[in-house]
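Here's the letter readout for the chains.
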Amino acid sequence: MSQVKSTSKPKKHKTGESEVQTPNAMAKQPRNIVQKIWDSHVVSQQEGHPAIFAIDLMLLHEVTSAQAFQTIESRGLKIANPERLLATIDHSIPTRQNRYEIYDEAARSQVETLRANCKRHGVPFMDFDSGNQGIVHVIGPELGVTQPGMTIVCGDSHTSTHGAFGALAFGVGTSEVAHVMATGCLLQEAPKSMKVEFKGKLKKGVYSKDAILKLISIIGVGGANGHVIEYTGEAISKMSMEERMTICNMSIECGARAGLIAPDRVTYDYLRGRRLAPPDSQFLKAVEYWNSLKTDKDAAYDKEVVIDLDQLDPMVTWGTNPSQGCELGQPVPSPKSLPELERKDLEAALAYTKVDAGKSIEGLPFQWAFVGSCTNGRIEDLRIAASILKGNKVASGVTMYVVPGSESVREQAMKEGLDKVFEEAGAQFRMPGCSMCLSMNDDRVPPGERCVSSSNRNFMGRQGPDSITHLASPATVAASAIAGRISSAAKYL
Amino acid sequence: MKKYETLTSKVVPLPKNDVDTDQIIPAQYLTSTSRDGYGQNLFRRLRDTEPDFPLNQDRYKDAEILLTGYNFGCGSSREHAVWAIAGANFKVVIAESFADIFSNNSAKNGLLLVSLPKAVIERLLKRAEKDDLFVTVDLENQVVLVKEGLTTEKHSFEYDPFRKHCLLNGLDDINYILSHQSEIDEFRTRNAKSWTVSPSNSNEENLALAGTKN
Ligand code: SF4
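**Remarks on the overall build of chain A**
- Of regular secondary structure, chain A possesses 16 helices and 19 strands.
- Residues classed as buried in chain A amount to 66% of the 493 residues present.
- Here the contacts in chain A between residues at least 6 apart in sequence split such that 76% fall between residues at least 24 apart.
- In the structure as shown, chain A presents an accessible area of about 16,700 Å², 49% of it carried by carbon and sulfur atoms.

So, in structure tokens, the structure goes:
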């Protein structure tokens, strides 16, 4: 991939981007990137009403779309812009080799329904073996269809992943999926903005997953409710697109409506040459526009948080929501000192995960290890896991799944021989999909068993009824799998 | 969508914070392609593991109001969570606060969400756990009325005026948006990007399109 100059001057952008002005043009007021993207997508707004807000791209998967197609059809409506949609199958499909045969009748019907709906309505559909099938939040970026400044929705809360490209991307419910199908727009209230600055540098063996788990542990699962987060700071600018996607992916776990990162050279280098990215002849023009999206000097936010990452150690969750985590080596907090309702919640979480308060979680034995999901199922994640597993064996008594996020991640991993590394270590290298991230397909953690997982949610029963989840980075998952106990990856790096 | 009408009902107490949508409706019950039938699996895990979970108790059989802590409905965007709550015949959820997407989804399905201050929630939760608690929720006037002996407690709540209008009149968003079609068309023309490559135009680049791979 050739390099792109990202240095076009932040002069006035006279490229026909009328959208950089708001209707009631407070033109001189400095704005942050969230406000800029918001302003540029408001089609119209009546006093006291939500805005009619234009959506540039909607991603679809089999679980949250069928009822929306029904709505459209039952009301005799057409899909407004089928070319602004992109569908795939990921949640309920099997990840075994012969995944074409879906034994679960309901799951099979979901897949077939989506396939038929897409065909009937002319919606691009990334089916098995298209080379592009995969988790919806993995394939958008890979195809280059996720671009800065866009508005992107999907009937899935981890749509925030696409924010890594400087897009305003958020999850919606199925009713809203139908609204976008019918109109290309949504009714929306302007979001509040929040700046999260990650200062400092990550130590070796500490990854963006640890940084985002740290943030969530500090501000809580509702800490960013109603806000769109812009992540900034030295640590962010050093991160690859894969690492940034991991950060933005988990924005929803602190309640944020979305999370995004201003586009820069890293973004442009990633995008250039991808199939649905701007063609070379248009690329610089696109870059000029993308650069104009960056937060103006002195722009304000509704909320700001600064987190220093210099001393951060790997994070692991011990409870039943993503905020209930701590650094390896730190003690799990004790409920004793808390007010009543919080104390009860914490006691319930610890009773469920069977973790001792006041002690470190390091050394806790477990039965399952999972590297995959839209949080950490991309090629870099697989490379990190492979580099640790190479020459080692997964402990007996531990079953390890490595599930690539997409067909193209899988293909790339095989090109690099990572599949061999996983197999020699005794891990299963499977077909792409959401897999064990949620208990919707065949891949589940059995009742009472414990899993160290690179996914994003540790809710009760998330990976299977009565299963226990510990969220961690792919490195921590791999190192723990070798030990059979929750462990740091430090000695492998 | 059904219109919301003022309602008086017994309250089901759920004294928890951060109740996530995986608890409301676990993923293994999401494989249906319709909107119906989710009510029976509302809080399935809690119902199966806690014998005295309120929804297992006969005394709450006809209750239409759920009362809970803060950040209710966090996690997944699954609208199935709302369909499950509505499917179990709840019309109102009262909590200290709600997660964003859940709150949006509720409005689109005629489920009224009412936020009250922490102190009030905690007091009402205690009362509802002890005795039957009846509450009236009046959206028109944005008040929750709680009978206490001969007196009535009155708690006002805030509610977005546009959502209120839609709920009280049973309106949904599609028609509202479609009534602005010409503005939408004009917006699209004005903002077309010269660099857009649409997936449906890329057959020759080996992108699989609907049906071509079966
Ligand atoms: S990998 Fe998990 S979180 Fe991501 S889209 Fe699939 S089920 Fe949702």
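That covers the picture; the talk isn't over yet.
**Here's the deal with the overall build of chain B**
- If you tally the helices and strands in chain B, you get 8 helices and 7 strands.
- Taken over C-alpha atoms, the radius of gyration comes to 21 Å for chain B, far larger than the 17 Å a tight globule of 214 residues would show.
- With the principal axes as the frame, chain B shows a C-alpha extent of 75 × 40 × 25 Å.
- Taking the contacts inside chain B whose residues are at least 6 apart along the sequence as the reference set, 66% of them involve residues at least 24 apart.
- Of the roughly 9,400 Å² that chain B leaves accessible, carbon and sulfur atoms contribute 47%.
- The distance from the centre of the 26 positive side-chain charges to the centre of the 31 negative ones in chain B is 3 Å.

**Concerning the site of the ligand**
All names here are of chain A.
- As a structural note, the neighbourhood of the ligand is formed by His91, Ile135, His137, Asp156, His158, Ser373, Cys374, Cys434, Cys437, Leu438, Asn456 and Arg462.
- Its residues placed into classes, the shell around the ligand shows 5 nonpolar, 5 polar and 2 charged.
- Each of domain 1 (39-188) and domain 3 (315-492) gives at least three residues to the shell around the ligand.

**Comments concerning the sheet that holds strand β12 (residues 303-308) of chain A**
Residue and element names in this part refer to chain A.
- Pairing is parallel across the open sheet formed by 4 strands, whose spatial order is β11-β10-β9-β12. A single partner strand is all that each edge strand has here, and the edge strands are β11 (258-260) and β12. Neighbour-to-neighbour, the strand axes of this sheet turn through a mean angle of 20°, independent of strand direction.

**Observations regarding helix α6 (residues 208-219) of chain A**
All names here are of chain A.
- With 12 residues, α6 should reach 16 Å at 1.5 Å per residue; the first-to-last C-alpha distance of 17 Å fits that figure.
- Counting buried positions over the 12 residues of α6 gives 9, a clear majority of the element.
- Every buried residue of α6 is listed here: Ser208, Lys209, Asp210, Ala211, Ile212, Leu213, Lys214, Leu215 and Ile216.
- Where α6 ends, the next residue or the one after it, Gly220, has phi of about 90°, a positive value.

**Quick word on the pattern of salt bridges**
- Per the stated rule, a full pass over the model turns up 42 salt bridges over all chains.
- We note a salt bridge from A:Glu73 to A:Arg120, for which the minimum N-O separation is 2.8 Å. Here A:Arg120 lies in helix α3 (residues 105-121) and A:Glu73 lies in helix α2 (residues 66-74), a separation of 47 residues in the sequence.
- One salt-bridge network, held together by shared partners, links B:Arg123, B:Arg127, B:Glu148 and B:Glu153.

**Here we look at the domain arrangement of chain B**
- Assigned domains within chain B: domain 1 (7-172) and domain 2 (181-213).
- Computed over C-alpha atoms only, the centres of domain 1 of chain B and domain 2 of chain B are separated by 41 Å.

**So, the sheet that holds strand β18 (residues 450-453) of chain A**
All names here are of chain A.
- If you trace the 5 strands from one edge of the open sheet to the other, you get β17-β16-β15-β18-β19, paired in parallel fashion. Each edge of the sheet is formed by a strand with only one pairing partner; in this case those strands are β17 (428-429) and β19 (468-471).
- Relative to β18, strand β15 (residues 368-371) is paired through 3 bridges, and the arrangement is parallel. Across the sheet, Phe370 pairs through a bridge with Ser453, a residue of β18.

**Section: the pairing of β19(A)**
Residues and elements named next belong to chain A.
- Along β19, one buried face is formed by Ile468 and His470 and the opposite face, lined by Thr469 and Leu471, is buried too.
- Two strands pair when backbone bridges link them, and β18 and β19 are joined in this way by 4 bridges, in the parallel orientation. Residue Arg450 lies in a different strand from β19, and its bridge partner there is Ile468.

**Let's talk about the domain arrangement of chain A**
Residue and element names in this part refer to chain A.
- Looking at chain A, the domain boundaries give domain 1 (39-188), domain 2 (191-313) and domain 3 (315-492).
- Using C-alpha coordinates to define each centre, domain 1 is positioned 23 Å away from domain 2.
- Domain 1 puts 24 residues into the contact, and the matching count from domain 2 is 27 residues.
- Of the roughly 2,000 Å² buried between domain 1 and domain 2, counting both surfaces, carbon and sulfur atoms make up 63%.
- When the buried area of domain 1 at its contact with domain 2 is split by residue, Pro148, Ala164 and Phe165 rank highest and sum to 25% of it.

**With respect to the interface of chain B and chain A**
- Residue-level contacts link 70 residues of chain B with 99 residues of chain A.
- Summed over both partners, the interface of chain B with chain A buries about 6,900 Å², with 55% contributed by carbon and sulfur atoms.
- When the area that chain B buries against chain A is broken down by residue, the three leading residues are B:Thr33, B:Arg188 and B:Trp195, summing to 11%.
- Here A:Arg257 and B:Asp100 are joined by a salt bridge, their closest N and O atoms 3.1 Å apart.
- Linking chain B with chain A are 27 residue pairs in polar contact (both at pLDDT 80 or more), by the criterion used here.
- Every element with two or more residues in the side of chain B that touches chain A is listed here: α2 (44-49), α3 (80-87), α4 (100-108), α5 (118-130), α7 (173-178) and α8 (181-191) of chain B.

**With respect to the packing of α6(A) against helix α8 (residues 241-249) of chain A**
All names here are of chain A.
- Contact pair α6 / α8: the axes reach a minimum separation of 8 Å and the direction vectors enclose 20°. Accordingly, the angle class assigned to the pair α6 and α8 is roughly parallel. As α6 runs across α8, the sense of the crossing is right-handed. In this structure, α6 uses Ser208, Lys209, Ala211 and Ile212 to contact α8, whose residues at the interface are Glu243, Thr246 and Ile247.
- Residue composition of the contact of α6 with α8, grouped by class: 3 nonpolar, 2 polar and 2 charged.

**Side note on the side chain of A:Thr317**
Residues and elements named next belong to chain A.
- Within the secondary structure layout, Thr317 lies in strand β13 (residues 315-317).
- Among the polar contacts listed, one links the side chain of Thr317 to the backbone nitrogen of Leu471, at a separation of 2.8 Å.
- Sequence-distant contacts of Thr317, that is, excluding residues within four places in its chain, are made with Leu213, Pro322, Gln324, Gly325, Ile361, Asn458, Thr469, His470 and Leu471.

**Examining unusual backbone geometry**
Residue and element names in this part refer to chain A.
- Despite not being glycine, Ser373 has its phi angle at roughly 85°, a positive value.
- Tracing the chain through its elements places Ser373 in helix α12 (residues 373-376).
- Residue Asp466 is not a glycine yet carries a positive backbone phi of 60°.
- Residue classification places Asp466 among the partly exposed positions, given a relative accessible area of 30%.

Conventions we followed
- Per-chain numbering applies: the sequence of each chain, read as written, is numbered from 1 onward.
- The naming scheme follows written order: chains are lettered A onward, ligands numbered 1 onward.
- Two thresholds apply to this predicted model, a pLDDT of at least 70 for residue-level local features and 80 or more for giving and counting side-chain atom pairs, whereas whole-chain, interface and lining totals are computed over all residues.
- Based on all heavy atoms of the structure, the side-chain values leave hydrogens and waters out of the count.
- Note on conventions: DSSP H or I runs of at least 4 residues are helices, E runs of at least 2 residues are strands, and numbering of each starts at the N terminus.
- Relative accessibility thresholds used throughout: buried, under 20% of the residue-type maximum; exposed, over 50%; partly exposed, between the two (1.4 Å probe, protein chains only).
- In this analysis, two residues are considered to be in contact whenever any of their non-hydrogen atoms come within 4.5 Å of each other.
- With residues, only the protein chains shown are counted as cover, and all accessible areas are computed by Shrake-Rupley using a 1.4 Å probe.
- With C-alpha atoms as the basis for the radius of gyration, the globule rule is written as 2.2 Å multiplied by the number of residues raised to the power 0.38.
- In this count, Lys and Arg are taken as positive residues and Asp and Glu as negative ones, while His and the chain termini are left out.
- For charged residues, the charge sits on one atom: NZ in Lys, CZ in Arg, CG in Asp, CD in Glu.
- Throughout, the term near means that a residue has one or more heavy atoms lying within 4 Å of the molecule or strand in question.
- Just so you know the grouping, Ala, Val, Leu, Ile, Met, Phe, Trp, Tyr, Cys and Pro go in nonpolar, Asp, Glu, Lys and Arg go in charged, and all remaining residues, Gly too, go in polar.
- An automatic or database domain assignment is the source of the domain bounds shown.
- DSSP bridges decide pairing: two strands pair if at least two such bridges lie between them.
- Orientation is described by lines fitted to C-alpha atoms, with helices fitted over the stretch in contact, and by angles between N-to-C directions that extend from 0 to 180 degrees.
- Helix span, as expected, comes to 1.5 Å for every residue beyond the first.
- Each salt bridge in this description consists of a side-chain nitrogen of Lys or Arg and a carboxyl oxygen of Asp or Glu lying within 4 Å of one another.
- Buried area adds together the accessible area that both of two parts lose upon being put together, with accessible area traced by a 1.4 Å probe.
- Here a polar contact is recorded for every N or O atom pair within 3.5 Å, except that within protein the pair must consist of a potential hydrogen donor and a potential acceptor, and residues adjacent in sequence are included only if both atoms are side-chain atoms.
- Throughout, the term roughly parallel applies to angles under 35 degrees, roughly antiparallel to angles over 145, roughly perpendicular to angles from 65 to 115, and oblique to all others.
- Note on convention: near helix rotated counterclockwise from far helix by under a right angle means a left-handed crossing. Clockwise means right-handed.

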